[in-house]
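Descriptive structure summary
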Amino acid sequence: MSGGPPVVVSARGLRKEFGEFVAVDGVDFDIVRGEVFGFLGPNGAGKTSTMRMIACMSPPSGGVLRVRGMDPAHDGPAIRAGIGLVPQDDALDLELSVLDNLLIYGRYFDLPRRAVRERALRLLEFAQLSERAGAKVDSLSGGMRRRLTIARALISGPELVILDEPTTGLDPQARHLVWERLYRLKQEGVTLVVTTHYMDEAEQLCDRLVVMDGGRIAAAGSPRALIDEHVSREVLEVRLADDTYAAAAEQIAKVTERVELLADRLCCYGEDGDTMLAELHALGHRPTSVLVRRASLEDVFLRLTGRRLTD
Amino acid sequence: MVPSIFAGLPAAPERRRATPLWRRAFAYWCFQFARTWRSTLTASVVYPTLYLAALGVGLGSLVDRHLGATSGSAGLDGVTYLRYVAPGILAGSVMQIAVNESTYPVMAATKWVHTYDAMLATPLRVLDVLAGHVGFVLLRLVVTSATFCAIAAGFGALVSPEAVLAVPAAVLTGLAFAAPVMAFAVTQERDSGFSVIHRLFVVPLFLFSGSFFPISQLPGFLQAVAVVTPLYHGVALCRACTLGRLWTLASLGHAAYLVALATAGWAAARVTFRRRLAP
Amino acid sequence: MSTVTGPASTARRAGPSAPARLRRALHIVERNFQVYRRGWIYFVSGFLEPFFYLLSIGVGLSHLVGDVRVGGQVVSYTLFVAPGLLASSAMNGAIFDTTYNLFFKLKVAHTYDAVLATPLGTADVALGEIGWALARGMTYAVAFLGVMAALGLVGSPWAILCLPGAALVSLAFAATGMAATSYMTSWQDLDGVFLAMLPMFLFSGTFYPLTVYPGAIAELVRITPLYQGVALLRALDTGTVSWSLLWHVAYLAALGGVGAVVTARRLRRLLAP
């Protein structure tokens, strides 16, 4: 057998156009079984369009796409029978109860009524929503609704689960709970495809990811590898008194790997933050605020595109 | 997959034949209807009955007296006003229900509740989503038409045994409205157009398509307009059924018109649904 | 610390004067007007239904019905139907904003939360909304009366009093509609509004005289609000006036008054408990 686990999703030159507008501009990627694969990028990068193509809900405009070994153009229903989708806006029926939402969804997969019910009850346990089974969805918090949507996506026992911005709009506690449930899914061997514009989410969850911007892939790899490849180890963020930014930037650039001038501060990239700070002081600058941190995917994105992820 | 979550449960048994995809969407609408049937059904049956009583009987007494009609002798179109008006009310109410079911629920499923999107993430395709919804609207039309015909028969408004064919005639009328209106509704971003449709199209059609008086009473050019509108043909076809005058060339023409409109509407809906839901 | 006394503070504690109250209520009217400036087509299209009924059943059926007896007079069927539809027009103008729209403002948009943070109080809101419904009903009535005049359906000089008559109809339905809606809790409850309006519209003597009914039913219909309006406006339009019309006036005014008071109380309970 050829080496490596089977490829669940494969794209070559994948394109999506809406009239004149090009949302996805020729992207290539492979997603292997059992990994958590991320699409990291700001709003408008083409992530959702790519997700919809992988979920076989939107026909590609060009390129080659294979999902679960099949061609979406011919085998859409068969492919979707083994996929679970967690859309960005939940698409839950607010008037129905938590349990009913699971039941009607399971019926679309032609699962017998009893099987759907049994699975639904198990999934409510998984999502920690068992006590709210009879409650109407519009009485649930955002985090609970998201967990319900994730549970719903699992009703058919899919091998691939696609999550579009799974923790956008959730408070920190809800986010951690969702991550924890997703991590459990990964341990079960489910392949997860996640889009996000949160770098902490990408770093926490993803085995591999691609950085998307303007419909194209700017970089690909594991979070660690991307950081190592594109940015330095540490970042020094400082705020200076006005007018000295440009001068400071020039001077510091000589003693650090790189300097990025943002709207409200200066990011200095180098091996060690404290060393850079000392250099700054030596040059006579007195920053009004200082932060030393490890480099993150946000810095990778900034390096590659010149913009912030959350602009 | 997800073995430990479903551990211990029997594997989902293989069905001998999978349920057709469109039937799964249809089942969803039936499920929703089972929750809300009381209010919708009472409205769609009670209101036409009120029209039948008020205009068919109450106003009918004035018309029959003026035209010298009693049950069986000369009157409007040879029958009492009640018998004249009943198929008109049938067709008119079926139109209203068809339009109502094809506007707000479609927008809700597209934009507010995202029902269609939820369906499309499963094995269902756009065609199944559309067919499931149209199938449900048809079911509604059948139930309402049959109920109204039973009530009208109780009033003594149905003359001939062919009146039972008024049910499929009414359903065809409703479909001729539902299909094109659904094709339109799925393209909309706001529901403001719907109340305009109701007030500027549904109400005038209801009143001027021959339900309550023959269109010969309209001025000439308006008669020409009425003849090309769908409800005129629906009323004429239903009236032909209830008065036992079905087997004529004119009836064939009315039916053909409605079938053509329904078919064109279905074709348009396939295009607009795909454009909106799977662009 | 000095205690503030004197005429100014006494006036504050006694509540706003009548002109001040009226001015405040007018702000609500103005707000609704601004909303409908954008959506003028809804305002206009709400007028069309009774107008269509006039042309369809009123005109289209006139040859099929012949003449009808009203009071001592015999009039054409169209002239018989028109004032009934005028009453409906006034009712329609008043009812939508005080039922469906009111429910939306109370339960969904919570429009009044912002309003009540201003010097306006719940009584001003009640008054203002009724005032707006009255204005809308009157606009429809004026337009409808104009159509009637154009079609030659104004039967007597008394018909000018149809305008204040229509105002009473609008007032009665606006106040009652608001009061009823203030008790509703879900969109399904609102179905009750149409379930009340449609039978009234069909059976209250708009399309045929009450003589069609057996005695007991005719008496029942006589006490419904729309019939009172229809009877009043028909008598005025055909010139068959008598002092007994004042009973209709009193009925509609009383309904309006009671409805307004109930509305004000309910709004206070709902919005400023």
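Residues numbered from 1 in each chain as written. Chains lettered and ligands numbered in written order. Predicted model: local features only at pLDDT ≥ 70, side-chain atom pairs only at ≥ 80, totals over all residues.

A word on the overall build of chain C. Secondary structure assignment for chain C yields 13 helices and two strands. The C-alpha radius of gyration of chain C comes to 21 Å, within 12% of the 19 Å expected for a compact globule of 273 residues. Classification of the 273 residues of chain C by burial places 44% in the buried group. Residue pairs at least 24 apart in sequence account for 83% of intrachain contacts in chain C once pairs closer than 6 positions are excluded. (Helix = DSSP H or I, 4+ residues; strand = E, 2+ residues; numbered from the N terminus. Rg over C-alpha atoms; globule rule 2.2 N^0.38 Å. Buried ≥ 20, exposed ≤ 12 C-beta atoms within 10 Å, placed from the backbone. Contact = placed C-beta atoms within 7 Å.)

Another aspect to go through is the nonpolar core. If you look at the biggest cluster of nonpolar residues, it comprises 264 residues, and the most contacted ones within it are L123(A), I162(A), L90(B), M95(B), A170(B), M182(B) and L86(C). Here this core takes 16 residues from helix 2 (residues 81-112) of chain B, the largest share from any one element. What A170(B) contacts, discounting residues up to four positions off in sequence, is L90(B), A91(B), V94(B), L141(B), S145(B) and C238(B). (Core = buried A, V, L, I, M, F, W, Y, C linked by C-beta atoms within 7 Å.)

Chain A puts 35 residues into the contact, and the matching count from chain B is 31 residues. Looking at the side of chain A that touches chain B element by element, the count peaks at six residues for helix 4 (residues 113-126) of chain A. A per-class count over the side of chain A that touches chain B returns 21 nonpolar, four polar and ten charged. (Nonpolar A, V, L, I, M, F, W, Y, C, P; charged D, E, K, R; others polar.)

With that settled, consider the packing of helix 6 (residues 192-208) of chain B against helix 3 (residues 40-60) of chain C. Interhelical geometry of helix 6 of chain B versus helix 3 of chain C gives an angle of 5° and a closest axis separation of 10 Å. With respect to each other, helix 6 of chain B and helix 3 of chain C are oriented roughly parallel. Where helix 6 of chain B approaches helix 3 of chain C, its residues S195(B), V196(B), R199(B), L200(B), V203(B), P204(B), L207(B) and F208(B) are matched on the opposing element by I41(C), Y42(C), S45(C), L48(C), E49(C), F52(C), Y53(C) and S56(C). When the residues that make up the contact of helix 6 of chain B with helix 3 of chain C are grouped by side-chain class, the tally is eleven nonpolar, three polar and two charged. (Axes fitted to C-alpha atoms, helices over the stretch in contact; angles between N-to-C directions. Parallel < 35°, antiparallel > 145°, perpendicular 65-115°, else oblique.)

Below, the discussion takes up the domain arrangement of chain A. Taken domain by domain, chain A holds domain 1 (7-15 + 24-221) and domain 2 (232-294). The distance between the C-alpha centroids of domain 1 of chain A and domain 2 of chain A comes to 40 Å. (Domains from an automatic or database assignment.)

Turning our attention to the packing of helix 3 of chain C against helix 5 (residues 77-98) of chain C. Each pair of packed helices can be described by the angle between their axes along with the distance between the axes. Residue and element names in this part refer to chain C. Where helix 3 meets helix 5, the closest approach of the two axes is 9 Å, and the angle between their N-to-C directions is 165°. By the angle class used here, helix 3 and helix 5 are roughly antiparallel. In this structure, the crossing between helix 3 and helix 5 has a hand that is right-handed. Mapping the contact onto sequence places G46, F47, E49, P50, Y53, L54, I57, G58 and V59 in helix 3 and T78, V81, A82, L85, S88, S89, N92, G93 and F96 in helix 5. Class assignment of the residues belonging to the contact of helix 3 with helix 5 gives a composition of ten nonpolar, seven polar and one charged. (Left-handed = near helix turned anticlockwise from the far one by under 90°.)

The next subject is the pairing of strand 7 (residues 191-196) of chain A. Both faces of the sheet carry side chains from a regular strand, because those side chains alternate between them. Residue and element names in this part refer to chain A. The element strand 7 is extensively covered by neighbouring structure, given that six of its six residues are classed as buried. Going residue by residue along strand 7, you find T191, V193 and T195 tucked away on one face and L192, V194 and T196 tucked away on the opposite face as well. As defined by bridge partners, strand 3 (residues 36-40) adjoins strand 7 across five bridges and the pair is classed as parallel. By the bridge assignment, F39 is partnered in strand 7 with T195. The sheet contact formed by strand 6 (residues 160-164) and strand 7 spans five bridges and is parallel. Residue V161 lies in a different strand from strand 7, and its bridge partner there is L192. At this point the chain moves from strand 6, through helix 6 (residues 172-187), to the parallel strand 7, and the crossover so formed is right-handed. (Pairing = 2+ DSSP bridges. Right-handed = clockwise from strand over helix to strand, strands pointing away.)

Attention now moves to the interface of chain C and chain B. Tallying the contact residues gives 24 residues for chain C and 27 residues for chain B. Every element with two or more residues in the side of chain C that touches chain B is listed here: helix 3, helix 4 (62-65) and helix 10 (187-203) of chain C. No other element matches the ten residues that helix 3 of chain C contributes to the side of chain C that touches chain B. Here the side of chain C that touches chain B is composed, by residue class, of 16 nonpolar, six polar and two charged.

For the rest of this paragraph, the subject is the arrangement of the chains. Most contacts, among the two pairs of chains that meet, fall between chains A and B. In this assembly chain A lies apart from chain C, the nearest approach of their C-alpha atoms being 12 Å.

Most of helix 11 (residues 297-305) of chain A sits inside the fold, with eight of its nine residues counted as buried. Of the residues flanking the end of helix 11 of chain A, it is G306(A), one or two places downstream, whose phi is positive at about 80°.

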